[in-house]
Amino acid sequence: MRIANVVVANVVVANVVVANVVVANVRVALSEFIGVDMFYLGKVYNGYGALVGGGLELDGDGKLVRVLTAREAENVRRSHSSGARESSVATDERAAVVEQKPVEQTLAPKQAPATGNPPETVPNAPEYAPPFVDGALITPGFVDIHCHGGGGFAFPDNFKPEEIETAISTHQRGGTTAMLASLVSLADPLPQIEALRPFCERGELAGLHFEGPYISQQKCGAQNPAVIRPVDVDELRSWLDACKGWMKTMTVAPEAQGAREAADLLLEYGAKPSWGHSNATGEEARAELDYVVEAHARTPRFPKGDVPQTVTHLFNAMPSIQHRAPGPIREFIQAGRREEIACEVIADGHHVHPDLVEDVIDYLDKNDAMGGIPHAFFVTDSLAAAGMPPGKYTLGGLAVEVRNGVCYLEGTTTISGGATVLADHFRLFARRGNLHIATLVRACVSGPVHAGSLEGLPGVTLEFEPGVAPNFIVFDEDFTTKHVVREGKDLT
(Lines give C-alpha, C1' and ligand atoms only; values in the text may rest on other atoms or scores of the structure.)
Protein backbone atom coordinates (compact mmCIF):
# COMPACT_ATOMS: atom_id res chain seq x y z
CA MET A 1 0.00 0.00 0.00
CA ARG A 2 1.32 3.51 -0.83
CA ILE A 3 0.64 6.32 1.67
CA ALA A 4 1.92 9.89 1.15
CA ASN A 5 4.42 8.60 -1.41
CA VAL A 6 5.99 6.25 1.12
CA VAL A 7 5.71 2.55 0.35
CA VAL A 8 4.85 0.55 3.47
CA ALA A 9 4.87 -3.17 3.63
CA ASN A 10 4.84 -5.03 7.01
CA VAL A 11 5.33 -2.12 9.58
CA VAL A 12 4.12 -1.66 13.18
CA VAL A 13 1.95 1.45 13.49
CA ALA A 14 -0.07 1.97 16.68
CA ASN A 15 0.60 -1.65 17.59
CA VAL A 16 -1.04 -2.78 14.33
CA VAL A 17 1.13 -4.74 11.90
CA VAL A 18 1.24 -2.76 8.68
CA ALA A 19 4.88 -2.90 7.46
CA ASN A 20 8.55 -3.41 8.35
CA VAL A 21 9.25 0.34 8.28
CA VAL A 22 7.87 3.04 10.57
CA VAL A 23 6.51 6.04 8.69
CA ALA A 24 7.04 9.49 10.20
CA ASN A 25 5.18 12.75 9.75
CA VAL A 26 2.40 11.25 7.66
CA ARG A 27 -1.31 12.09 8.01
CA VAL A 28 -3.70 9.46 6.66
CA ALA A 29 -7.49 9.18 6.88
CA LEU A 30 -8.60 6.25 9.04
CA SER A 31 -10.92 5.11 6.28
CA GLU A 32 -7.77 4.59 4.17
CA PHE A 33 -5.90 2.74 6.90
CA ILE A 34 -7.50 -0.65 7.49
CA GLY A 35 -6.74 -2.02 10.93
CA VAL A 36 -6.10 1.27 12.72
CA ASP A 37 -7.93 1.18 16.03
CA MET A 38 -9.92 3.91 17.75
CA PHE A 39 -9.83 4.48 21.48
CA TYR A 40 -12.60 5.91 23.68
CA LEU A 41 -11.40 6.74 27.17
CA GLY A 42 -13.28 7.11 30.45
CA LYS A 43 -14.53 4.94 33.30
CA VAL A 44 -16.51 2.15 31.65
CA TYR A 45 -19.68 0.77 33.20
CA ASN A 46 -21.59 -2.15 31.75
CA GLY A 47 -25.39 -2.12 31.53
CA TYR A 48 -25.73 -3.68 34.97
CA GLY A 49 -23.78 -0.86 36.60
CA ALA A 50 -20.49 -2.69 37.11
CA LEU A 51 -17.29 -0.68 36.63
CA VAL A 52 -15.37 -2.78 34.09
CA GLY A 53 -12.50 -0.66 32.76
CA GLY A 54 -10.94 2.63 31.76
CA GLY A 55 -11.71 2.77 28.05
CA LEU A 56 -12.70 0.90 24.91
CA GLU A 57 -10.64 -0.04 21.86
CA LEU A 58 -12.52 -0.46 18.57
CA ASP A 59 -11.04 -1.81 15.36
CA GLY A 60 -11.41 -0.24 11.93
CA ASP A 61 -14.72 -2.06 11.43
CA GLY A 62 -16.20 -0.65 14.63
CA LYS A 63 -15.97 -3.92 16.56
CA LEU A 64 -14.73 -4.04 20.13
CA VAL A 65 -11.14 -5.21 20.45
CA ARG A 66 -11.02 -5.02 24.22
CA VAL A 67 -11.96 -3.09 27.32
CA LEU A 68 -8.88 -1.17 28.47
CA THR A 69 -7.68 -1.12 32.03
CA ALA A 70 -7.30 2.28 33.68
CA ARG A 71 -3.52 2.02 33.21
CA GLU A 72 -3.83 1.21 29.53
CA ALA A 73 -6.19 4.16 29.06
CA GLU A 74 -3.66 6.46 30.73
CA ASN A 75 -0.95 5.17 28.40
CA VAL A 76 -3.08 6.17 25.42
CA ARG A 77 -3.40 9.66 26.87
CA ARG A 78 0.37 9.83 27.43
CA SER A 79 1.02 8.88 23.83
CA HIS A 80 -0.56 12.23 22.94
CA SER A 81 1.35 14.27 25.49
CA SER A 82 3.86 15.54 22.94
CA GLY A 83 1.22 17.29 20.88
CA ALA A 84 -0.99 14.83 19.05
CA ARG A 85 -4.54 16.07 19.31
CA GLU A 86 -7.60 14.31 20.62
CA SER A 87 -10.02 13.25 17.91
CA SER A 88 -13.28 15.18 17.84
CA VAL A 89 -15.04 14.05 14.66
CA ALA A 90 -16.68 10.90 13.38
CA THR A 91 -14.54 7.78 12.97
CA ASP A 92 -14.56 7.66 9.19
CA GLU A 93 -13.43 11.31 9.07
CA ARG A 94 -10.69 11.09 11.69
CA ALA A 95 -7.02 11.38 10.76
CA ALA A 96 -4.15 9.44 12.31
CA VAL A 97 -0.98 11.42 13.07
CA VAL A 98 2.40 9.68 13.16
CA GLU A 99 4.95 11.71 15.14
CA GLN A 100 8.76 11.60 15.10
CA LYS A 101 9.94 10.57 18.57
CA PRO A 102 11.63 7.61 20.23
CA VAL A 103 9.78 4.34 20.32
CA GLU A 104 8.29 3.66 23.76
CA GLN A 105 5.78 0.84 23.79
CA THR A 106 2.69 2.02 25.65
CA LEU A 107 0.07 -0.55 24.65
CA ALA A 108 0.14 -4.32 24.55
CA PRO A 109 1.37 -5.27 21.03
CA LYS A 110 -0.86 -7.19 18.68
CA GLN A 111 0.40 -10.48 17.27
CA ALA A 112 2.28 -10.59 13.98
CA PRO A 113 0.59 -12.45 11.12
CA ALA A 114 1.13 -16.20 10.94
CA THR A 115 2.92 -15.81 7.60
CA GLY A 116 5.47 -13.27 6.40
CA ASN A 117 8.28 -11.53 8.22
CA PRO A 118 7.77 -10.42 11.83
CA PRO A 119 7.70 -6.68 12.37
CA GLU A 120 10.96 -4.98 13.28
CA THR A 121 11.52 -2.76 16.28
CA VAL A 122 13.51 0.19 14.98
CA PRO A 123 15.63 2.09 17.55
CA ASN A 124 14.59 5.72 17.85
CA ALA A 125 11.75 5.15 15.37
CA PRO A 126 8.61 7.28 15.71
CA GLU A 127 5.80 6.06 17.93
CA TYR A 128 2.24 6.22 16.62
CA ALA A 129 -0.21 8.22 18.74
CA PRO A 130 -3.53 6.38 18.34
CA PRO A 131 -6.66 8.44 17.62
CA PHE A 132 -8.85 8.69 20.68
CA VAL A 133 -11.78 10.42 22.35
CA ASP A 134 -11.09 11.42 25.93
CA GLY A 135 -14.06 11.45 28.28
CA ALA A 136 -14.86 10.95 31.93
CA LEU A 137 -17.50 8.21 31.73
CA ILE A 138 -18.59 5.57 29.22
CA THR A 139 -21.90 3.74 29.51
CA PRO A 140 -23.78 1.45 27.14
CA GLY A 141 -26.22 3.22 24.87
CA PHE A 142 -29.47 4.08 26.62
CA VAL A 143 -32.76 2.29 25.93
CA ASP A 144 -36.12 4.11 25.94
CA ILE A 145 -39.21 1.91 25.83
CA HIS A 146 -41.79 4.72 25.98
CA CYS A 147 -41.19 7.40 23.35
CA HIS A 148 -43.69 9.00 20.95
CA GLY A 149 -41.27 10.90 18.72
CA GLY A 150 -38.78 13.73 18.39
CA GLY A 151 -37.21 16.17 15.98
CA GLY A 152 -40.58 17.72 15.20
CA PHE A 153 -42.36 14.45 14.34
CA ALA A 154 -44.57 12.11 16.39
CA PHE A 155 -45.00 8.44 15.49
CA PRO A 156 -48.82 8.50 15.84
CA ASP A 157 -49.16 11.55 13.58
CA ASN A 158 -46.15 11.78 11.25
CA PHE A 159 -45.31 8.42 9.75
CA LYS A 160 -43.77 9.10 6.38
CA PRO A 161 -40.38 7.30 6.22
CA GLU A 162 -38.34 10.51 6.38
CA GLU A 163 -40.38 11.73 9.37
CA ILE A 164 -39.87 8.47 11.23
CA GLU A 165 -36.15 8.58 10.43
CA THR A 166 -35.85 12.10 11.83
CA ALA A 167 -37.63 11.17 15.06
CA ILE A 168 -35.43 8.11 15.58
CA SER A 169 -32.17 9.89 14.74
CA THR A 170 -32.98 12.69 17.19
CA HIS A 171 -32.89 10.19 20.02
CA GLN A 172 -30.00 8.14 18.64
CA ARG A 173 -27.75 11.18 18.39
CA GLY A 174 -28.72 12.04 21.95
CA GLY A 175 -27.52 8.65 23.22
CA THR A 176 -30.64 6.47 22.96
CA THR A 177 -29.31 3.65 20.81
CA ALA A 178 -32.43 1.46 21.14
CA MET A 179 -36.05 2.52 21.55
CA LEU A 180 -39.65 1.50 21.15
CA ALA A 181 -41.92 3.70 19.05
CA SER A 182 -44.97 4.51 21.16
CA LEU A 183 -48.42 5.07 19.71
CA VAL A 184 -51.43 6.51 21.55
CA SER A 185 -55.13 5.66 21.51
CA LEU A 186 -56.19 5.73 17.86
CA ALA A 187 -59.32 4.72 15.98
CA ASP A 188 -57.17 2.57 13.67
CA PRO A 189 -53.42 2.16 14.24
CA LEU A 190 -52.86 -0.15 11.24
CA PRO A 191 -51.39 2.60 9.00
CA GLN A 192 -48.85 3.44 11.73
CA ILE A 193 -48.04 -0.24 12.25
CA GLU A 194 -47.37 -0.72 8.54
CA ALA A 195 -45.17 2.40 8.44
CA LEU A 196 -43.16 1.59 11.58
CA ARG A 197 -42.67 -2.16 11.16
CA PRO A 198 -39.93 -1.84 8.47
CA PHE A 199 -37.87 0.26 10.89
CA CYS A 200 -38.14 -2.58 13.42
CA GLU A 201 -37.11 -5.11 10.80
CA ARG A 202 -34.07 -2.99 9.84
CA GLY A 203 -32.99 -2.64 13.47
CA GLU A 204 -33.62 1.09 13.79
CA LEU A 205 -36.45 0.46 16.27
CA ALA A 206 -36.53 -2.28 18.91
CA GLY A 207 -40.31 -2.62 18.63
CA LEU A 208 -43.62 -0.88 19.25
CA HIS A 209 -45.48 0.22 22.37
CA PHE A 210 -49.24 0.81 22.24
CA GLU A 211 -50.41 3.33 24.85
CA GLY A 212 -54.13 2.57 24.66
CA PRO A 213 -56.89 2.51 23.55
CA TYR A 214 -58.03 0.15 26.36
CA ILE A 215 -57.57 2.67 29.15
CA SER A 216 -59.59 4.77 31.58
CA GLN A 217 -61.67 7.70 30.36
CA GLN A 218 -61.11 9.35 33.74
CA LYS A 219 -57.31 9.00 33.51
CA CYS A 220 -56.74 9.38 29.79
CA GLY A 221 -54.32 12.29 30.27
CA ALA A 222 -53.28 13.75 26.90
CA GLN A 223 -55.16 11.16 24.85
CA ASN A 224 -58.29 11.52 22.77
CA PRO A 225 -61.21 10.29 24.93
CA ALA A 226 -63.35 9.75 21.82
CA VAL A 227 -61.33 6.68 20.78
CA ILE A 228 -60.90 5.05 24.21
CA ARG A 229 -62.91 1.83 24.36
CA PRO A 230 -63.32 -1.57 26.06
CA VAL A 231 -61.04 -4.41 25.02
CA ASP A 232 -61.91 -6.03 21.69
CA VAL A 233 -59.83 -9.22 21.45
CA ASP A 234 -60.46 -9.64 17.71
CA GLU A 235 -59.29 -6.08 17.09
CA LEU A 236 -56.24 -6.59 19.32
CA ARG A 237 -55.37 -9.86 17.57
CA SER A 238 -55.45 -8.09 14.20
CA TRP A 239 -52.95 -5.52 15.49
CA LEU A 240 -50.70 -8.20 16.94
CA ASP A 241 -50.76 -10.08 13.65
CA ALA A 242 -49.94 -6.91 11.72
CA CYS A 243 -47.01 -6.20 14.08
CA LYS A 244 -45.47 -9.61 13.26
CA GLY A 245 -43.88 -9.92 16.69
CA TRP A 246 -42.83 -6.28 17.07
CA MET A 247 -45.49 -5.24 19.59
CA LYS A 248 -43.54 -5.37 22.84
CA THR A 249 -45.85 -3.67 25.36
CA MET A 250 -49.39 -2.32 25.53
CA THR A 251 -50.82 0.04 28.12
CA VAL A 252 -54.08 -1.32 29.55
CA ALA A 253 -56.06 -0.12 32.55
CA PRO A 254 -56.46 -2.99 35.07
CA GLU A 255 -60.15 -2.15 35.53
CA ALA A 256 -60.88 -1.95 31.79
CA GLN A 257 -63.59 -4.29 30.55
CA GLY A 258 -61.75 -7.28 29.10
CA ALA A 259 -58.35 -6.39 30.63
CA ARG A 260 -57.63 -9.98 31.60
CA GLU A 261 -58.44 -11.25 28.10
CA ALA A 262 -56.13 -8.59 26.68
CA ALA A 263 -53.33 -9.71 29.02
CA ASP A 264 -53.78 -13.35 27.95
CA LEU A 265 -53.62 -12.43 24.27
CA LEU A 266 -50.60 -10.16 24.67
CA LEU A 267 -48.70 -12.89 26.53
CA GLU A 268 -49.68 -15.42 23.86
CA TYR A 269 -47.98 -13.22 21.24
CA GLY A 270 -44.89 -12.52 23.37
CA ALA A 271 -45.97 -8.98 24.31
CA LYS A 272 -46.51 -7.58 27.79
CA PRO A 273 -49.39 -5.76 29.44
CA SER A 274 -48.28 -2.40 30.83
CA TRP A 275 -50.73 -1.32 33.48
CA GLY A 276 -51.54 2.39 33.48
CA HIS A 277 -53.83 5.27 32.54
CA SER A 278 -55.98 3.76 35.24
CA ASN A 279 -58.55 4.73 37.85
CA ALA A 280 -58.35 1.31 39.50
CA THR A 281 -58.51 0.60 43.20
CA GLY A 282 -55.61 -1.15 44.84
CA GLU A 283 -57.60 -4.37 44.93
CA GLU A 284 -58.39 -4.22 41.22
CA ALA A 285 -54.74 -3.60 40.36
CA ARG A 286 -53.52 -6.40 42.63
CA ALA A 287 -55.91 -8.91 41.08
CA GLU A 288 -54.56 -8.30 37.57
CA LEU A 289 -50.95 -8.27 38.72
CA ASP A 290 -51.37 -11.62 40.44
CA TYR A 291 -53.20 -13.07 37.45
CA VAL A 292 -50.36 -12.24 35.05
CA VAL A 293 -47.74 -13.62 37.43
CA GLU A 294 -49.64 -16.91 37.68
CA ALA A 295 -50.31 -17.07 33.93
CA HIS A 296 -46.65 -16.54 33.12
CA ALA A 297 -45.58 -19.11 35.70
CA ARG A 298 -47.76 -21.69 33.94
CA THR A 299 -46.47 -20.82 30.47
CA PRO A 300 -43.25 -18.78 30.56
CA ARG A 301 -42.89 -16.47 27.55
CA PHE A 302 -39.86 -14.39 28.49
CA PRO A 303 -36.25 -15.08 29.52
CA LYS A 304 -35.48 -15.86 33.13
CA GLY A 305 -35.16 -12.62 35.08
CA ASP A 306 -37.47 -10.67 32.78
CA VAL A 307 -40.81 -9.59 34.19
CA PRO A 308 -44.07 -10.47 32.37
CA GLN A 309 -45.63 -7.01 32.86
CA THR A 310 -44.73 -3.35 33.32
CA VAL A 311 -46.27 -0.13 34.64
CA THR A 312 -46.81 2.84 32.32
CA HIS A 313 -45.26 5.99 33.85
CA LEU A 314 -45.70 5.27 37.57
CA PHE A 315 -47.56 8.07 39.42
CA ASN A 316 -48.82 9.76 36.25
CA ALA A 317 -52.42 9.15 35.07
CA MET A 318 -53.40 7.06 38.10
CA PRO A 319 -54.95 7.76 41.53
CA SER A 320 -52.59 9.30 44.07
CA ILE A 321 -51.68 7.46 47.26
CA GLN A 322 -54.09 8.18 50.12
CA HIS A 323 -53.34 6.99 53.63
CA ARG A 324 -56.68 5.13 53.89
CA ALA A 325 -56.75 4.06 50.25
CA PRO A 326 -53.19 3.65 48.92
CA GLY A 327 -54.57 2.57 45.55
CA PRO A 328 -52.67 1.07 42.61
CA ILE A 329 -49.38 2.95 43.10
CA ARG A 330 -48.51 1.02 46.25
CA GLU A 331 -49.48 -2.25 44.57
CA PHE A 332 -47.22 -1.51 41.61
CA ILE A 333 -44.25 -0.54 43.78
CA GLN A 334 -44.55 -3.56 46.04
CA ALA A 335 -44.95 -5.88 43.03
CA GLY A 336 -41.71 -4.37 41.74
CA ARG A 337 -40.05 -5.15 45.03
CA ARG A 338 -41.21 -8.77 44.60
CA GLU A 339 -39.71 -8.73 41.06
CA GLU A 340 -43.12 -9.29 39.47
CA ILE A 341 -43.30 -6.04 37.51
CA ALA A 342 -41.04 -3.22 36.26
CA CYS A 343 -42.12 0.39 36.66
CA GLU A 344 -41.52 3.18 34.16
CA VAL A 345 -40.67 6.55 35.72
CA ILE A 346 -40.55 9.78 33.70
CA ALA A 347 -37.46 11.34 35.26
CA ASP A 348 -37.43 14.71 33.48
CA GLY A 349 -37.93 16.68 36.69
CA HIS A 350 -41.44 17.77 35.67
CA HIS A 351 -43.65 14.66 35.63
CA VAL A 352 -42.52 13.40 39.05
CA HIS A 353 -40.70 15.33 41.76
CA PRO A 354 -36.98 14.45 41.67
CA ASP A 355 -36.96 13.46 45.35
CA LEU A 356 -39.70 10.92 44.71
CA VAL A 357 -37.94 9.62 41.59
CA GLU A 358 -34.83 8.98 43.67
CA ASP A 359 -36.84 7.25 46.41
CA VAL A 360 -38.52 4.83 44.00
CA ILE A 361 -35.42 4.12 41.92
CA ASP A 362 -33.41 3.46 45.06
CA TYR A 363 -36.10 1.26 46.62
CA LEU A 364 -36.50 -0.91 43.53
CA ASP A 365 -32.75 -1.17 42.90
CA LYS A 366 -31.84 -2.48 46.35
CA ASN A 367 -32.75 -6.17 46.17
CA ASP A 368 -29.50 -8.14 45.83
CA ALA A 369 -31.42 -10.99 44.22
CA MET A 370 -32.19 -8.73 41.25
CA GLY A 371 -28.70 -9.34 39.88
CA GLY A 372 -28.29 -5.90 38.34
CA ILE A 373 -31.85 -5.73 36.98
CA PRO A 374 -33.77 -2.91 38.69
CA HIS A 375 -37.54 -2.90 38.74
CA ALA A 376 -37.94 0.82 38.18
CA PHE A 377 -36.34 2.56 35.22
CA PHE A 378 -36.36 5.79 33.24
CA VAL A 379 -38.48 6.60 30.19
CA THR A 380 -38.93 9.92 28.38
CA ASP A 381 -42.55 9.68 27.14
CA SER A 382 -41.25 12.25 24.65
CA LEU A 383 -43.31 13.81 21.89
CA ALA A 384 -42.33 15.48 18.63
CA ALA A 385 -40.93 18.29 20.81
CA ALA A 386 -37.82 16.31 21.82
CA GLY A 387 -34.77 18.05 20.41
CA MET A 388 -36.86 21.01 19.29
CA PRO A 389 -37.42 24.59 20.52
CA PRO A 390 -40.57 25.63 22.39
CA GLY A 391 -43.60 25.71 20.13
CA LYS A 392 -46.75 23.87 19.12
CA TYR A 393 -46.87 20.20 18.17
CA THR A 394 -49.39 17.36 17.75
CA LEU A 395 -49.91 14.04 19.55
CA GLY A 396 -52.63 11.67 18.43
CA GLY A 397 -54.40 14.53 16.71
CA LEU A 398 -54.42 16.72 19.84
CA ALA A 399 -52.68 20.09 19.93
CA VAL A 400 -49.71 20.30 22.32
CA GLU A 401 -47.55 23.25 23.31
CA VAL A 402 -44.18 23.45 25.05
CA ARG A 403 -43.89 26.04 27.81
CA ASN A 404 -40.77 26.36 29.95
CA GLY A 405 -39.53 22.95 28.85
CA VAL A 406 -42.81 21.16 29.65
CA CYS A 407 -45.36 19.80 27.16
CA TYR A 408 -49.02 20.64 27.84
CA LEU A 409 -52.27 20.09 26.02
CA GLU A 410 -52.75 23.43 24.34
CA GLY A 411 -54.46 25.99 26.59
CA THR A 412 -54.43 23.70 29.66
CA THR A 413 -52.19 22.71 32.56
CA THR A 414 -52.40 19.00 31.66
CA ILE A 415 -48.90 17.65 31.06
CA SER A 416 -48.97 15.76 27.77
CA GLY A 417 -45.55 14.11 27.60
CA GLY A 418 -41.84 14.84 27.49
CA ALA A 419 -39.48 16.98 25.42
CA THR A 420 -36.21 15.24 26.30
CA VAL A 421 -33.87 12.42 25.40
CA LEU A 422 -32.97 9.85 28.03
CA ALA A 423 -29.46 11.27 28.54
CA ASP A 424 -31.11 14.45 29.84
CA HIS A 425 -32.66 12.42 32.67
CA PHE A 426 -29.36 10.70 33.41
CA ARG A 427 -27.55 14.04 33.54
CA LEU A 428 -30.17 15.63 35.82
CA PHE A 429 -29.86 12.90 38.46
CA ALA A 430 -26.10 12.42 38.08
CA ARG A 431 -25.62 16.12 38.81
CA ARG A 432 -27.95 15.94 41.82
CA GLY A 433 -25.59 13.31 43.22
CA ASN A 434 -28.08 11.40 45.37
CA LEU A 435 -28.06 8.19 43.34
CA HIS A 436 -24.90 6.27 42.48
CA ILE A 437 -23.83 6.36 38.84
CA ALA A 438 -24.21 2.57 38.75
CA THR A 439 -27.86 2.92 39.80
CA LEU A 440 -28.51 5.50 37.09
CA VAL A 441 -26.86 3.31 34.45
CA ARG A 442 -29.15 0.44 35.41
CA ALA A 443 -32.16 2.77 35.22
CA CYS A 444 -31.24 3.63 31.63
CA VAL A 445 -29.92 0.27 30.37
CA SER A 446 -30.54 -3.06 32.11
CA GLY A 447 -33.86 -1.89 33.58
CA PRO A 448 -35.58 -1.04 30.27
CA VAL A 449 -33.84 -3.85 28.37
CA HIS A 450 -35.21 -6.54 30.69
CA ALA A 451 -38.56 -4.79 31.13
CA GLY A 452 -39.07 -4.94 27.36
CA SER A 453 -37.18 -8.24 26.84
CA LEU A 454 -34.96 -6.55 24.24
CA GLU A 455 -31.63 -8.27 24.89
CA GLY A 456 -29.74 -9.06 21.69
CA LEU A 457 -31.52 -6.53 19.48
CA PRO A 458 -29.61 -3.88 17.47
CA GLY A 459 -28.72 -0.87 19.57
CA VAL A 460 -28.66 -2.87 22.83
CA THR A 461 -25.43 -3.46 24.74
CA LEU A 462 -25.48 -4.94 28.22
CA GLU A 463 -21.91 -6.28 28.30
CA PHE A 464 -18.94 -5.12 26.24
CA GLU A 465 -17.95 -8.22 24.27
CA PRO A 466 -14.84 -8.41 22.05
CA GLY A 467 -15.67 -8.97 18.39
CA VAL A 468 -19.09 -7.32 18.70
CA ALA A 469 -19.91 -3.80 17.44
CA PRO A 470 -20.91 -2.00 20.66
CA ASN A 471 -23.36 0.75 21.56
CA PHE A 472 -22.13 3.35 24.02
CA ILE A 473 -22.06 6.98 25.15
CA VAL A 474 -19.02 9.01 26.17
CA PHE A 475 -19.78 11.68 28.79
CA ASP A 476 -17.61 14.53 30.02
CA GLU A 477 -17.04 15.44 33.67
CA ASP A 478 -20.33 17.35 33.74
CA PHE A 479 -22.30 14.35 32.38
CA THR A 480 -22.86 16.05 29.06
CA THR A 481 -22.96 13.69 26.07
CA LYS A 482 -19.73 13.94 24.08
CA HIS A 483 -19.87 11.01 21.65
CA VAL A 484 -22.46 8.38 20.76
CA VAL A 485 -21.54 5.11 19.08
CA ARG A 486 -24.29 2.84 17.73
CA GLU A 487 -23.43 -0.60 16.38
CA GLY A 488 -19.81 0.48 16.14
CA LYS A 489 -20.53 3.67 14.18
CA ASP A 490 -19.80 7.06 15.73
CA LEU A 491 -22.95 9.19 15.30
CA THR A 492 -21.41 12.37 16.68
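Before any of the text, the structure's been laid out above.
Predicted model only: the values in this text are computed from it and were never measured.

Engineer: Provide a residue-level description of the overall build of the protein chain, including the pertinent values.
Structural biologist: Summing up its helical and strand segments, the protein chain has eleven helices and 28 strands in all. The burial tally for the protein chain puts 58% of its 492 residues in the buried class. In the protein chain, of all internal contacts separated by at least 6 residues, the share reaching a separation of at least 24 is 69%. Accessible surface, the protein chain: about 19,700 Å² in total, of which carbon and sulfur atoms supply 49%.

Engineer: Report on the packing of aromatic side chains, specifying residues and quantitative values.
Structural biologist: Within the structure shown, the criterion is met by nine aromatic pairs. Centroid distance Phe-142 to Phe-475: 6.0 Å. Interplanar angle 35°. Geometry classified as tilted. One end of the pair, Phe-142, is in strand β12 (residues 142-144); the other, Phe-475, is in strand β26 (residues 472-475), and 333 residues separate them in sequence. This pair shows no difference in class: Phe-142 is buried, exactly as Phe-475 is.

Engineer: Which residues make up the nonpolar core, and what values do they have?
Structural biologist: Grouped together as the largest cluster of nonpolar side chains are 100 residues, with contacts concentrated most on Leu-236, Met-247, Leu-314, Phe-332, Phe-378 and Phe-426. Not counting residues within four places of it along the chain, the set of residues in contact with Leu-314 comprises Ile-329, Phe-332, Ile-333, Cys-343, Glu-344, Val-352 and Val-360. Ranked by size, the runner-up nonpolar core spans 13 residues in total, among them Val-184, Ala-384, Tyr-393 and Val-402.

Engineer: Account for the sheet that holds strand β28 (residues 489-490), naming residues and giving values.
Structural biologist: Taken in spatial order, the seven strands line up as β8-β7-β6-β11-β26-β27-β28 in an open sheet, and their pairing is mixed. In this open sheet, the two edge strands, each paired with only one partner strand, are β8 (64-68) and β28. With two bridges connecting them, strand β27 (residues 481-486) and β28 associate as antiparallel partners. What sits directly across from Arg-486, in β28, is Lys-489.

Engineer: Help me get a handle on helix α3 (residues 190-201), residues and values and all.
Structural biologist: Over its twelve residues, α3 extends 17 Å from the first C-alpha to the last, a length consistent with the 16 Å expected when each residue adds 1.5 Å. Looking at the packing, one finds that the buried side of α3 touches α2 (161-173), β15 (176-183), β16 (207-211) and α4 (233-243). Just beyond α3, the residue with positive phi is Gly-203, at close to 85°.

Engineer: Can you tell me about the pattern of salt bridges, naming the residues and giving the values?
Structural biologist: Under the definition given, this model contains 20 salt bridges. Put simply, Arg-77 and Asp-134 hold a salt bridge, and the shortest N to O gap is 2.9 Å. You can see Arg-77 sitting in helix α1 (residues 70-78) and its partner Asp-134 sitting in strand β11 (residues 132-140), a full 57 residues away along the chain. Given a relative accessible area of 22%, Asp-134 falls into the partly exposed group. Between Glu-235 and Arg-229 there is a salt bridge, and its shortest N-O distance comes to 3.0 Å. One salt-bridge network, held together by shared partners, links Glu-57, Arg-66 and Glu-72.

Engineer: Summarise the side chain of Arg-427; cite the residues concerned and give the values.
Structural biologist: Along the polypeptide, Arg-427 turns up in helix α9 (residues 422-432). Discounting chain neighbours no more than four positions away, the residues touching Arg-427 are Asp-478, Phe-479 and Thr-480.

Engineer: Hey, could you go over the pairing of strand β7 (residues 51-58) for me, with residue numbers and the actual values?
Structural biologist: Moving residue by residue along a regular strand, the side chains alternate between the two faces of the sheet. Counted residue by residue, β7 has six buried out of eight residues, so it is predominantly covered. Where strand β6 (residues 38-45) lies against β7, six bridges are found, and the strand directions are antiparallel. Of the residues in β7, the one forming a bridge with Val-44 is Gly-53. The pairing of β7 with β8 spans four bridges and is classified as antiparallel. Bridge pairing in β8 links Gly-55 to Leu-68.

About the thresholds
Residues numbered from 1 in each chain as written. Predicted model: local features only at pLDDT ≥ 70, side-chain atom pairs only at ≥ 80, totals over all residues. Heavy atoms only, no water. Helix = DSSP H or I, 4+ residues; strand = E, 2+ residues; numbered from the N terminus. Buried < 20%, exposed > 50% of the residue type's maximum accessible area, 1.4 Å probe, protein only. Contact = heavy atoms within 4.5 Å. Areas by Shrake-Rupley, 256 points an atom, 1.4 Å probe, with all protein chains shown as cover. Phe/Tyr/Trp six-rings, centres within 6.5 Å; stacked < 30°, edge-to-face > 60°. Core = buried A, V, L, I, M, F, W, Y, C linked by side-chain atoms within 4.5 Å. Pairing = 2+ DSSP bridges. Expected span 1.5 Å × (residues − 1). Salt bridge = Lys/Arg side-chain N within 4 Å of Asp/Glu carboxyl O.

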